[in-house]
Amino acid sequence: MENCLFCKIIKKEIPSEIVFENDELLAFRDISPQAPVHILIIPKIHIESPFEINSSNSTVAGKIIALAAEIAKEQKLEGYRLVFNCNEIAGQSVFHLHAHLLGGRIMNWPPG
Ligand code: 5GP
Ligand code: ZN
């Protein structure tokens, strides 16, 4: 999708620190980390937000969650938080589906 920041990162038009890549997914470090480990996991297909996940594209959402577990183990995290912000009211600023994998520090609850 034109003018989508994360589509540009997928096409390598914008550089990023890539942690994992395959045909369907890309994982890269967040430019403004909120925890010692802060990795974004995105599908290569453009899905605007969690609201757009449905029965025809939900397989990729499962793969994002599975990849988060793999990366967390590889990063030797004792635990982690996986966040999908949905729409501006919940903190979404980039409208290409992404999971924030956060770890390496104690996470507060409720998140605020
Ligand atoms: P959101 O607020 O939409 O849930 O998360 C978007 C995330 O993308 C933010 O945590 C922000 O720091 C990150 N981000 C924004 N622009 C860039 C960029 O150009 N490169 C990388 N690696 N991360 C970015
Ligand atoms: Zn996109």
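For the structure itself, consult the block above.
Keep in mind that what you see is a predicted model, and the values were worked out from it rather than measured.

Q: Give me the lowdown on the coordination of the zinc ion (ligand 2), citing residues and values where you can.
A: Of the protein atoms, only Cys-4 (SG), Cys-7 (SG), His-46 (ND1) and His-96 (ND1) coordinate the zinc ion (ligand 2), at distances of 2.0 to 2.3 Å. Coordination at the zinc ion (ligand 2) is tetrahedral: its 4 donor atoms span angles of 105 to 115° at the metal. Sequence spacing of the donor residues for the zinc ion (ligand 2), all on one chain, is C-x2-C-x38-H-x49-H. Of this pair, Cys-7 sits in helix α1 (residues 5-10) while His-96 sits in the loop between β4 (81-83) and β5 (99-103); the two residues are 89 residues apart in sequence, bridging distant segments of the chain. Across this residue pair, the class does not change: Cys-7 and His-96 are buried.

Q: Lay out the environment of Ile-10 with the relevant residues and their values.
A: With respect to the element layout, Ile-10 can be found in helix α1. For the pair Ile-10 and Pro-36, spaced 26 residues apart in sequence, the C-alpha to C-alpha distance is 23 Å. Not counting residues up to four positions away in its chain, the partners in contact with Ile-10 are Leu-26, Ile-42, Pro-43, Lys-44 and His-96.

Q: Could you give an account of the site of ligand 1, naming the residues involved and the relevant values?
A: Taken together, 16 residues lie near ligand 1, and Asp-30, Asn-85, Gly-91, Ser-93 and His-100 sit nearest. Here a nitrogen atom of ligand 1 sits 2.9 Å away from a polar atom, N or O, in the main chain of Arg-29. At 2.9 Å from an oxygen atom of ligand 1 is found a side-chain nitrogen or oxygen belonging to His-98. If ligand 1 stood free it would expose 520 Å²; the protein chains cover 83% of that surface. Of all elements in the fold, only α1 and β2 (25-29) reach the threshold of two or more residues within the shell around ligand 1.

Q: Tell me about the nonpolar core, and please be specific about residues and values.
A: One finds Ala-27, Ile-39, Ile-41, Ile-64, Leu-67 and Ile-71 to be the most contacted residues of the largest nonpolar core, which totals 16 residues. The element contributing the most residues to this core is helix α2 (residues 58-74), with 6 residues. Apart from the residues lying within four places of it in its own chain, the contact partners of Ile-71 are Val-19, Phe-20, Ala-27, Ile-39, Ile-41 and Leu-101. Core analysis: the second largest hydrophobic core is formed by 10 residues, Ile-9, Ile-10, Phe-28 and Val-94 among them.

Q: Provide a residue-level description of the sheet that holds strand β1 (residues 18-21), including the pertinent values.
A: Reading across from one edge, β1-β2-β3-β5-β4 is the order of the 5 strands in this open sheet, with antiparallel pairing throughout. Looking at strand neighbours, the two that pair on one side only are β1 and β4, the edges of this open sheet. Across the sheet, the axes of successive neighbouring strands diverge by a mean angle of 20°, strand direction being ignored. Note: strand β3 (residues 37-43) against β5, 5 bridges, orientation antiparallel. Among the inter-strand pairings, Ile-41 is bridged to a residue of β5, identified as Ala-99. In the packing of α2 onto the sheet, the strands contacted are β1, β2, β3, β4 and β5, and the crossing angle to β3 comes to about 155°.

Q: Could you give an account of the side chain of Ser-49, with specific residues and numbers?
A: Its place among the elements puts Ser-49 in the loop between β3 and α2. When its relative accessible area of 3% is taken as the criterion, Ser-49 is described as buried. Residue contacts for Ser-49: discarding those within four places in its chain leaves Cys-86, Gln-92 and Leu-97.

Cut-offs used in this document
Residues numbered from 1 in each chain as written. Chains lettered and ligands numbered in written order. Predicted model: local features only at pLDDT ≥ 70, side-chain atom pairs only at ≥ 80, totals over all residues. Heavy atoms only, no water. Donors = N, O, S within 2.8 Å, 3.2 Å for Na, K, Ca; no water. Tetrahedral: all angles 85-135°; square planar, octahedral: opposite > 155°, others 65-115°. Helix = DSSP H or I, 4+ residues; strand = E, 2+ residues; numbered from the N terminus. Buried < 20%, exposed > 50% of the residue type's maximum accessible area, 1.4 Å probe, protein only. Contact = heavy atoms within 4.5 Å. Near = heavy atom within 4 Å. Polar contact = N/O pair within 3.5 Å; in protein donor to acceptor, adjacent residues only side chain to side chain. Areas by Shrake-Rupley, 256 points an atom, 1.4 Å probe, with all protein chains shown as cover. Core = buried A, V, L, I, M, F, W, Y, C linked by side-chain atoms within 4.5 Å. Pairing = 2+ DSSP bridges. Axes fitted to C-alpha atoms, helices over the stretch in contact; angles between N-to-C directions.

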